[in-house]
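Take a look at the letters that make up each chain.
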Amino acid sequence: MLSDNLAKAQSVALTPPMGWNSYNCFGSAVHESEVKANAAYLAKYLKPYGWQYIVVDFLWSYDNPPGSKIGNPFQQNLYDGSFIPWLTMDKWGRLLPQPTKFPSAFGGKGFKPLGDYVHSLGLKFGIHVMRGIPRQAVWSKTPVLGAKGITADMIADTTSKCEWMNHMYGLDMNKPGAQEYLNSILDLYASWGVDFIKVDDISRPYHAAEIEGYAKAIKHSKRPMVLSISPGETPVKEANHVKQYANQWRMADDFWDSWKELMNMFNYARNWQGIGGPGHWPDCDMLQIGKLSKRGPVGPERYSRFTDDELLTHMTFWCIFRSPLMMGGNMPENRPFDLKLLNNPEVLAVNQKGEDPKELYHNNESMVWYSKVPASKDIYAAVFNLQEKDGEVALDLNKLGMVGKIAIRNLWERQNAGTHQNTYQQKIKKHGAALLRLSPINK
């Protein structure tokens with residue numbers, strides 16, 4: 001059994017992680033130069049505000065042909081049973097970054113040179129992996145490092161397969177050598193300087209034994225790493241287990257830039273309210289801000305389809321709910337408004353410092369969420385206009401326990417909004433939001 005709070009012991013994810021992930025702008029086909037460009041941007045413009053992680057998402061071991069936008073290239077068997085495409089892999093059955101996309105990995109260096117670059121900027125480095133063990137390792141019966149006499153085919157659960165990408169088998173964690181395999185890959189990632197690992201195809205259905213296996217392997221590596229699991233709908237009934245073993249977990253399927261999906265996210269979050277806290281965070285998925293889908297994976301290359309007001313609602317909700325903040329757009333192409341969504345210290349404080357976020361109410365026209373300001377009687381309140389038209393949205397201060405005169409500050413505008421009593425009302429554009437700090441005035 002791991003310690004009661006492994007995250008606190010490791011001092012990781014004590015606040016929601018903030019960073020950038022390559023998936024929404026580059027799909028499977030991100031190149032090292034693009035990772036470095038986003039890291040340089042984040043270091044220059046966002047690091048002062050607490051942003052720190054640079055995460056290379058999936059299929060970094062796959063050699064995308066030039067111009068390829070293939071999201072999930074299924075492996076096929078050749079006549080001898082081997083696989084095509086053959087993923088870059090070492091003799092121990094551990095996937096390695098493809099040097100065509102990551103030239104610094106040439107010669108078996110792995111992600112260490114790229115990790116060193118990210119660290120040189122004062123940032124932290126992360127990678128995406130698929131649950132389990134490569135099918136090609138099972139076919140070739142690669143030995144398991146640290147488990148004498150055990151080969152990949154002896155630890156694979158060949159009945160456990162990903163529905164949407166067929167590169168991996170699950171691990172039978174009851175088999176000798178299964179934990180040693182996970183230990184070997186996490187030791188490898190630790191040698192690369194990995195600070196964040198996103199494990200995919202592990203939370204739907206919920207693979208409890210393998211989740212525990214990754215957590216144990218991180219502990220074995222002796223390098224603190226954030227453990228993020230996906231895809232969505234992690235079952236709420238597993239809340240106690242996932243809080244114990246993961247630092248963040250996706251609540252829903254991949255989130256994209258549509259108002260309908262944003263409305264659905266409110267429903268998912270409602271089911272998880274009260275569960276997030278230091279070291280363990282329900283995850284709303286990446287921020288659909290800026291330039292998306294440059295090489296897939298969903299729709300044409302574009303700036304986010306959200307209107308400016310919907311972008312405000314998007315960022316406001318992720319902050320009040322205290323979701324991890326992972327920027328999805330290609331940051332060097334950020335517009336001025338995109339940057340303003342990411343560098344407001346008063347807004348980011350809601351995400352990093354607000355305590356016990358809860359929904360006050362919701363209906364077809366509006367919604368209010370709130371959280372507590374630590375070491376204070378103040379309250380953060382997020383007010384949303386869900387209507388298809390501009391309108392006045394009222395906030396009942398008494399329902400928040402705010403009695404008497406209340407000073408209100410608009411955090412997005414970084415301006416005081418006067419003193420109010422009993423209720424506060426503001427005109428908000430359709431699909432828009434306001435983020436407020438409410439401060440009681442002592443008599």
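Residues numbered from 1 in each chain as written. Predicted model: local features only at pLDDT ≥ 70, side-chain atom pairs only at ≥ 80, totals over all residues. Heavy atoms only, no water.

Labelled according to an unreviewed UniProt entry, the protein appears under the name Alpha-galactosidase, originating from Mucilaginibacter achroorhodeus.

**A few points about the overall build of the protein**
Keep this limit in mind: Helical segments are the DSSP runs of H or I of at least four residues, strand segments are the runs of E of at least two, and each set is numbered from the N terminus. Both definitions apply: the radius of gyration is a C-alpha atom measure, and the globule rule equals 2.2 Å times residues to the power 0.38. Each residue is assigned to one of three classes by its accessible area relative to the maximum for its type, calculated with a 1.4 Å probe on protein chains only: buried under 20%, partly exposed between the two thresholds, exposed over 50%. Any two residues having at least one pair of non-hydrogen atoms within 4.5 Å are treated as being in contact. For the accessible areas, the method is Shrake-Rupley and the probe is 1.4 Å, while residue cover comes only from the protein chains on display.
Across its full length, the protein carries twelve helices and 23 strands. For a compact globule of 443 residues, the expected C-alpha radius of gyration is about 22 Å, and the protein comes in at 23 Å, within 12% of that figure. For the protein, the spread of C-alpha atoms along the principal axes amounts to about 75 × 45 × 40 Å. Expressed as a percentage of the 443 residues in the protein, the buried residues total 60%. Counting contacts in the protein only where the partners sit at least 6 residues apart, residues at least 24 apart contribute 72% of the total. Accessible surface for the protein amounts to roughly 17800 Å². Of this, 50% is attributable to carbon and sulfur atoms.

**Regarding the nonpolar core**
As a reminder of what qualifies: In this description, a nonpolar core means a group of buried Ala, Val, Leu, Ile, Met, Phe, Trp, Tyr and Cys residues linked to one another through side-chain atoms lying within 4.5 Å.
By size, the foremost hydrophobic cluster in this structure holds 128 residues, and its most contacted members are W51, I133, Y189, M315 and F317. At nine residues, the largest contribution of residues to this core is made by helix α6 (residues 178-192). Setting aside anything within four residues of it in sequence, one finds F317 in contact with M265, F266, A269, C284, M367, W369 and F384.

**Thoughts on the UniProt feature "domain: Alpha galactosidase C-terminal" (unreviewed entry) in the protein**
Going by this rule: UniProt positions are given in the numbering used here, feature names are shortened, and annotations may be inferred rather than shown by experiment.
Within the UniProt annotation, "domain: Alpha galactosidase C-terminal" (unreviewed entry) is assigned to residues 370-438. Taken end to end, residues 370-438 is 0% helix and 59% strand, and its first and last C-alpha atoms sit 10 Å apart.

**Quick notes on the packing of aromatic side chains**
Stated precisely, the cut-off is as follows: Aromatic contacts are taken between Phe, Tyr and Trp rings whose centres are within 6.5 Å, Trp giving its six-membered ring; a plane angle under 30 degrees counts as stacked, one over 60 as edge-to-face, and the others as tilted. Charge-over-ring contacts are defined here by two conditions on Lys NZ or Arg CZ: a distance within 6 Å of the ring centre and an angle within 35 degrees of the ring normal.
Evaluated as defined, the whole model comprises 21 aromatic pairs. Note on F111 and F125: the rings are 5.5 Å apart at their centroids and 65 degrees apart in plane angle, and the pair reads as edge-to-face. You can see F111 sitting in the loop between β4 (83-84) and α4 (112-120) and its partner F125 sitting in strand β5 (residues 124-130), a full 14 residues away along the chain. Residue classification places F111 among the buried residues on the basis of a relative accessible area of 1%. Between Y189 and W192, the ring centres sit 5.5 Å apart and the planes meet at 40 degrees, which makes this aromatic pair tilted. Highlighted residues: Y189 and W192, both in helix α6, separated by three residues, approximately one helical turn. The buried category is assigned to Y189, whose relative accessible area is 4%. The structure contains a cluster of three or more aromatic residues connected by ring pairs, namely F255, F266, F306, F317, W318, F321, W369 and F384. In this structure, K36 packs its charged tip against the face of Y117, placed 5.0 Å from the ring centre.

**Brief notes about the sheet that holds strand β1 (residues 18-21)**
Rules: At least two DSSP bridges between two strands are needed for those strands to be called paired. Axis lines are fitted through C-alpha atoms, for helices just across the contact stretch, and the angle between N-to-C directions can take any value from 0 to 180 degrees.
Taken in spatial order, the eight strands of this open sheet run β12-β11-β10-β9-β5-β2-β1-β15, and their pairing is parallel. Looking at the sheet topology across the chains shown, the edges are occupied by β12 (281-283) and β15 (325-327). Pairs of neighbouring strands in the sheet enclose a mean axial angle of 25 degrees, with direction left out of account. Taken together, the five bridges between β5 and strand β9 (residues 196-200) define a ladder with parallel strand orientation. The partner of G126 across the bridge, within β9, is F196. Set on the sheet, helix α3 (residues 32-46) makes contact with β1 and β2 (53-56); between it and β2 the angle comes to about 165 degrees. Across the sheet, α4 lies against β2 and β5, angled at about 145 degrees from β5, the strand it touches most.

**Notes on a nonpolar patch on the surface**
Rules: Exposure above 30% relative accessible area and the absence of a salt bridge qualify a residue for a patch, where like charges join within 9 Å and nonpolar side chains (Val, Leu, Ile, Met, Phe, Trp, Tyr) within 5 Å. Only one rule defines a salt bridge in this text: a Lys or Arg side-chain nitrogen within 4 Å of an Asp or Glu carboxyl oxygen.
A cluster of nonpolar residues, L78, Y79 and I84, forms a patch on the protein surface that exposes about 400 Å² of accessible area. With respect to the secondary-structure elements, L78 resides in the loop between β3 (76-77) and β4. Its relative accessible area of 41% is what places L78 among the partly exposed residues.

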